[in-house]
Amino acid sequence: MNATHQKTSKGTIEVICGSMFSGKTEELLRRIHRCVLAHLRVELFKPDTDQRYKPDAVVSHMGRELPCQSVSSSSALTLLASAADVVAIDEAQFFDLELVSVCQNLANAGKRVIIAGLDMDSNAQPFGPIPQLMAVADQVSKVQAICANCGDLAYVSYRISKSDSLVYLGEKKEYKPLCRSCYFSISDAQ
Ligand SMILES: [Zn+2]
């Protein structure tokens, strides 16, 4: 039998995605907390580009915090996650595209893989490996922030300062969540 696909496996891939300030990390940490209560072995990872708060912790906007490992590439996850029942990944949009096959192999080996990340960049374009991860996931949860302009449900992270760059971490005050209508009316006005 292929070592990466056991018949008894109950592996799954879950994706939690949305704009900035949509509560993705909070939802990820909520799911992890329930796994901990169930005495499952959880390993939490984030890309080492994310140094906003602490290199060794994932912190939500609500202040919830859990220890994690920062890794430089998705290939490092396979070994580091080998003993885990549950593999959780935050800010997954910053990983390389190999993250898709890494997550599939982890799920095929019976692990529950939970991924949180931005679905789109500030130009409203699909971000990094998230689109492919959504395609191969068993479950996708889109969470939504509130539009900073009108209070409707937001769909994208709008970059306040004019730049063509993608979303950069540590600059969250430079972004605000906007609904589709406000996003295009503000973009068109510029
Ligand atoms: Zn709006």
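Scroll up to find the structure.
Because the structure is a prediction, the values reported are computed rather than measured.

**Some points on the pairing of strand β7 (residues 112-118)**
Burial of β7 is extensive: six of the seven residues sit out of reach of the surface. Of the strand pairs in this sheet, strand β1 (residues 12-18) and β7 are connected by seven bridges, and their pairing is parallel. Considered in β7, the bridge of Val15 is made with Ile115. In the sheet, strand β6 (residues 86-89) pairs with β7 via four bridges, with the strands oriented parallel. Following the sheet pairing, Ala88 is matched in β7 by Ile114. The β-α-β motif built from β6, the intervening helix α3 (residues 99-108) and the parallel element β7 has right-handed crossover chirality.

**So, the coordination of the zinc ion**
Only Cys147 (SG), Cys150 (SG), Cys179 (SG) and Cys182 (SG) from the protein reach the zinc ion as donors, at distances of 2.3 Å. Each of the four donor atoms bound to the zinc ion contributes to angles spanning 101 to 117°, and the resulting shape is tetrahedral. Donor residues for the zinc ion sit on one chain with the sequence pattern C-x2-C-x28-C-x2-C. The class for Cys182 is buried, based on a relative accessible area of 8%.

**Examining the pattern of salt bridges**
In this structure the tally under the stated criterion is eight salt bridges. With a closest N to O distance of 2.5 Å, Glu14 and Arg112 form a salt bridge. Separated by 98 residues along the polypeptide, Glu14 in strand β1 and Arg112 in strand β7 bring together distant segments of the chain. Linking Glu174 and Arg159 is a salt bridge whose minimum nitrogen-to-oxygen distance equals 3.1 Å. A residue pair is termed long-range when its members are at least 10 positions apart, and Glu174 in the loop between β9 (156-159) and β10 (175-178) and Arg159 in strand β9 qualify at 15 residues. Overlapping salt bridges, with partners in common, bring together Glu14, Glu27, Arg30, Arg31 and Arg112 in one network.

**Description of the environment of Lys46**
As for its placement among the helices and strands, Lys46 is situated in strand β2 (residues 42-47). In sequence terms Lys46 and Ala57 are 11 residues apart; their C-alpha atoms lie 8.7 Å from each other. Setting aside residues no more than four positions away along its own chain, Lys46 makes contact with Lys54, Pro55, Ala57, Val58, Cys68, Gln69, Ser70, Val71, Asp90 and Phe95.

**Overview of the nonpolar core**
Nonpolar side chains in soluble globular proteins tend to be buried together. Among the nonpolar cores identified, the biggest contains 23 residues, and Ile13, Ile89, Leu99, Cys103, Ile115 and Leu133 are the most heavily contacted of them. Of all the secondary structure elements, the ones that give two or more residues to this core are β1, β6, α3, β7 and α4 (130-136). With six residues, the single largest contributor to this core is α3.

**Some details on the packing of aromatic side chains**
This model, assessed by the stated rule, comprises four aromatic pairs. Ring geometry for Phe94 and Phe127: centres 5.6 Å apart, planes at 75°, overall edge-to-face. Note that Phe94 is positioned in the loop between β6 and α3 and Phe127 in the loop between β7 and α4, a separation of 33 residues in sequence. Phe94 sits in the partly exposed class, given a relative accessible area of 25%. Ring centres of Tyr183 and Phe184 lie 5.0 Å apart, and the angle between their planes is 85°; on these two criteria the pair is classed as edge-to-face. Overall, Tyr183 belongs to the buried group, its relative accessible area being 8%. The class for Phe184 is partly exposed, based on a relative accessible area of 38%. The aromatic ring of Tyr155 is capped on one face by Arg180, whose charged end is 4.3 Å from the ring centroid.

The rules we used
- Residues numbered from 1 in each chain as written.
- Predicted model: local features only at pLDDT ≥ 70, side-chain atom pairs only at ≥ 80, totals over all residues.
- Heavy atoms only, no water.
- Buried < 20%, exposed > 50% of the residue type's maximum accessible area, 1.4 Å probe, protein only.
- Helix = DSSP H or I, 4+ residues; strand = E, 2+ residues; numbered from the N terminus.
- Pairing = 2+ DSSP bridges.
- Right-handed = clockwise from strand over helix to strand, strands pointing away.
- Donors = N, O, S within 2.8 Å, 3.2 Å for Na, K, Ca; no water.
- Tetrahedral: all angles 85-135°; square planar, octahedral: opposite > 155°, others 65-115°.
- Salt bridge = Lys/Arg side-chain N within 4 Å of Asp/Glu carboxyl O.
- Contact = heavy atoms within 4.5 Å.
- Core = buried A, V, L, I, M, F, W, Y, C linked by side-chain atoms within 4.5 Å.
- Phe/Tyr/Trp six-rings, centres within 6.5 Å; stacked < 30°, edge-to-face > 60°.
- Lys NZ or Arg CZ within 6 Å of the ring centre and 35° of its normal.

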